[in-house]
Number of protein chains: 2
Amino acid sequence: MKLSVRGEYALRALTVLGESPRDCVVRIQTISDRENIPKRFLEQILNELRTAGFVESRRGIAGGYRLSRAPESIPLAAVIRHLEGKLAPVGCVSEKFYERCSCPDESRCALRSVMKEVRDAIANLLENLTVADLVKRAGALRVKPDMGLDYSI
Amino acid sequence: MKLSVRGEYALRALTVLGESPRDCVVRIQTISDRENIPKRFLEQILNELRTAGFVESRRGIAGGYRLSRAPESIPLAAVIRHLEGKLAPVGCVSEKFYERCSCPDESRCALRSVMKEVRDAIANLLENLTVADLVKRAGALRVKPDMGLDYSI
DNA sequence: TTAAATTTGATTGGATTGGTCAAGATTCAC
DNA sequence: GTGAATCTTGACCAATCCAATCAAATTTAA
């Protein structure tokens, strides 16, 4: 798994949206300022998130974006899969984006068996963490920066 | 972490080298045939592995490649770091390839704390697995293909 | 109606990827 | 030695992806 800047911005934006009350929208400019994200680029990203169904928008002078579901029900894995594709390090062990590789026999490929473990470790974490967790952590970190980064989910 | 085809080929090639006795060299053509890897491309990759110190070569008519250390002492993490760069999904949580990101305060970044966990999970696996493990697994899989892919390292 | 904001889609420059090719250097068998 | 087999080096290429920008259209509150 690799998170491009695009995906990073998306998750940071979702965190901001998750932090503000569900019933009011947040302007692109606000997110852009708070998170230090190029505005034009953020427009594009939020639009992707909208067509993917994670957020909804309201246009016009009082417009902006908000989450379209409860933050607890947006797993990070879902967001990342939508923006970046597979979680797995290689296609031949991906559940949602499987693709055959060039090795002569997948069922006997030692590398594949190792990569499968890596994939599972990543998926396990990201399926169980949601935007709500990001919000929670952001709150905690605001009080106690870094805090050793020790979490148990 | 993401494994490009280049990295995949490298690890498969190392497995082949690990399978043959330490004191004799294996020809590029042999590896290329056995693992179904484009020969020209493999030359390039083996050369990288050589300058990185993982393998050594012998030229001439009786030439070829072999591991330059015991397979037990070549962690997969080391190989991947050399060929692909960081294991971490983002630079700001990488141990060996750290790079600052754009967020206003890293020590309070919720996304970063999550990504740190992902990085640690990946690193934990790949630091502890070596080329010797690939060889072992290849042997086991030859007898019992796929075997549910259940390993505990 | 008009000003502020989002929406949409095209475009750009640059980096990365997977891969090929040609020419040279090295070594060993005979 | 000489030739054959091999490794070594580095240039090259087409395709794709990335981050970012721009212009124009659309929407809506006041």
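Residues numbered from 1 in each chain as written. Chains lettered and ligands numbered in written order. Predicted model: local features only at pLDDT ≥ 70, side-chain atom pairs only at ≥ 80, totals over all residues. Heavy atoms only, no water.

(A) Up close: the overall build of chain A. Looking only at helices and strands, chain A features 6 helices and 2 strands. Moving toward the C terminus, one meets the helices and strands of chain A in the order α-α-α-β-β-α-α-α. Overall size of chain A, expressed as C-alpha extent along the three principal axes, is 60 × 35 × 25 Å. Out of the 153 residues belonging to chain A, those deemed buried represent 50%. A sequence separation of at least 24 residues applies to 59% of the contacts in chain A between residues at least 6 apart. Carbon together with sulfur atoms contributes 47% to the accessible area of chain A, which is approximately 7200 Å² in total. Side chains of chain A give 25 positive and 20 negative charges; the mean places of these two sets differ by 5 Å. (Helix = DSSP H or I, 4+ residues; strand = E, 2+ residues; numbered from the N terminus. Buried < 20%, exposed > 50% of the residue type's maximum accessible area, 1.4 Å probe, protein only. Contact = heavy atoms within 4.5 Å. Areas by Shrake-Rupley, 256 points an atom, 1.4 Å probe, with all protein chains shown as cover. Lys, Arg positive; Asp, Glu negative; His and termini not counted. Charge placed at Lys NZ, Arg CZ, Asp CG, Glu CD.)

(B) Examining the packing of aromatic side chains more closely. Residues and elements named next belong to chain A. The tally for this structure, following the rule as stated, stands at 2 aromatic pairs over all chains. Plain terms: the ring middles of Tyr9 and Phe41 are 5.8 Å apart, the flat faces sit at 80° to each other, and that makes the pair edge-to-face. Here Tyr9, found in helix H1 (residues 5–19), pairs with Phe41, found in helix H3 (residues 39–51); they are 32 residues apart in sequence, far enough to count as distant. Residue class for Tyr9 comes out buried when judged on its relative accessible area of 8%. According to the relative accessible area criterion, Phe41 is partly exposed, its value standing at 26%. (Phe/Tyr/Trp six-rings, centres within 6.5 Å; stacked < 30°, edge-to-face > 60°.)

(C) Looking closely at the relation of the copies chain B and chain A. Screw-axis analysis of chain B against chain A gives a translation of 0.0 Å along the axis, an RMSD of 0.0 Å, and a rotation angle of 180°. Given the turn and translation reported, the copies of this chain are related as if by a two-fold rotation axis. It is Met1(B) whose C-alpha, among those of chain B, lies nearest the rotation axis, at 2.3 Å. Counting the interface residues of chain B, we find that 100% of their copies in chain A are interface residues as well, pointing to one common contact surface. (Least-squares fit on C-alpha atoms with pLDDT ≥ 70 in both.)

(D) Focus on the interface of chain B and chain A. With 45 residues of chain B at the interface, the matching set in chain A holds 45 residues. Summing both partners gives a buried area of about 4100 Å² for chain B against chain A, and 66% of it is carried by carbon and sulfur. Counting every contact that joins chain B to chain A gives 2 salt bridges. One salt bridge connects Glu117(A) with Arg137(B), and the closest N-O pair in it is separated by 2.8 Å. If you look at where chain B meets chain A, you find 13 residue pairs in polar contact (both at pLDDT 80 or more). (Buried area = accessible area lost by both parts, 1.4 Å probe. Salt bridge = Lys/Arg side-chain N within 4 Å of Asp/Glu carboxyl O. Polar contact = N/O pair within 3.5 Å; in protein donor to acceptor, adjacent residues only side chain to side chain.)

(E) Looking closely at the packing of helix H1 (residues 5–19) of chain B against helix H4 (residues 76–84) of chain B. All names here are of chain B. Between H1 and H4, the least distance of the axes is 10 Å, while the angle of their chain directions is 145°. Considering only the axes of H1 and H4, their crossing is right-handed. Across the interface between the two elements, Arg6, Gly7, Ala10, Leu11 and Leu14 of H1 pack against Leu76, Val79, Ile80, Leu83 and Glu84 of H4. Residue classes in the contact of H1 with H4 are distributed as 7 nonpolar, 1 polar and 2 charged. (Axes fitted to C-alpha atoms, helices over the stretch in contact; angles between N-to-C directions. Left-handed = near helix turned anticlockwise from the far one by under 90°. Nonpolar A, V, L, I, M, F, W, Y, C, P; charged D, E, K, R; others polar.)

Function cannot be read off these values alone, since they describe shape.
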